[in-house]
Amino acid sequence: MAATVNQETCVGCGACVDSCPVSAIKIENDKAVVGDDCIECGACVGSCPTEAISL
Ligand code: SF4
Ligand code: SF4
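Predicted model only: the values in this text are computed from it and were never measured.

With that settled, consider the overall build of the chain. Tallying secondary structure elements over the chain gives 2 helices and 4 strands in all. Each helix (α) and strand (β) of the chain, taken in turn from the N terminus, gives the series β-α-β-β-α-β. In summary, the chain has a C-alpha radius of gyration of 9 Å against a globular reference of 10 Å for 55 residues, a match within 12%. Structurally, the chain occupies a C-alpha span of about 25 × 20 × 20 Å along its principal axes. Counting over 55 residues, the chain shows a buried share of 27%. Surface exposure of the chain reaches about 3500 Å², of which carbon and sulfur atoms provide 49%.

Around ligand 1, the surrounding shell consists of Cys20, Pro21, Val22, Ile25, Val34, Cys38, Ile39, Glu40, Cys41, Gly42, Ala43 and Cys44. By residue class, the composition of the shell around ligand 1 is 10 nonpolar, 1 polar and 1 charged.

Our next topic: the site of ligand 2. Residues in close proximity to ligand 2 total 13 residues, the closest being Cys10, Val11, Cys13, Cys16 and Cys48. For the shell around ligand 2, a count of residues per class yields 10 nonpolar, 3 polar and no charged.

A separate point is the environment of Thr4. Secondary-structure assignment places Thr4 in strand 1 (residues 4-5). Note: C-alpha distance between Thr4 and Val34 (30 residues apart in sequence) is 6.9 Å. Leave out the neighbours within four places in its chain, and Thr4 touches Ala52, Ile53 and Ser54.

The subject of this paragraph is the environment of Thr9. With respect to the secondary-structure elements, Thr9 resides in the loop between strand 1 and helix 1 (15-19). Here Thr9 falls in the partly exposed class, since its relative accessible area comes to 32%. For the pair Thr9 and Glu51, spaced 42 residues apart in sequence, the C-alpha separation works out to 7.7 Å. Once residues within four sequence positions are removed from consideration, Thr9 is found in contact with Thr50 and Ala52.

Cut-offs and rules
- Residues numbered from 1 in each chain as written.
- Chains lettered and ligands numbered in written order.
- Predicted model: local features only at pLDDT ≥ 70, side-chain atom pairs only at ≥ 80, totals over all residues.
- Heavy atoms only, no water.
- Helix = DSSP H or I, 4+ residues; strand = E, 2+ residues; numbered from the N terminus.
- Rg over C-alpha atoms; globule rule 2.2 N^0.38 Å.
- Buried < 20%, exposed > 50% of the residue type's maximum accessible area, 1.4 Å probe, protein only.
- Areas by Shrake-Rupley, 256 points an atom, 1.4 Å probe, with all protein chains shown as cover.
- Near = heavy atom within 4 Å.
- Nonpolar A, V, L, I, M, F, W, Y, C, P; charged D, E, K, R; others polar.
- Contact = heavy atoms within 4.5 Å.

Structure (structure tokens):
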């Protein structure tokens, strides 16, 4: 299971993109999208100001 993004609370700020050590997150249509290369490290979870990401 990759990290999942709540599409309703994600504001597209990009903080999670910078937090990911394997560059698994991209912003598409102003929402974060987690790719299959996620290693489930959890770094992005704490980076999100709206708590939109969970593992
Ligand atoms: S859990 Fe880790 S590897 Fe997966 S998207 Fe978040 S920061 Fe990147
Ligand atoms: S840090 Fe949170 S609000 Fe910002 S782009 Fe990532 S998931 Fe969306």
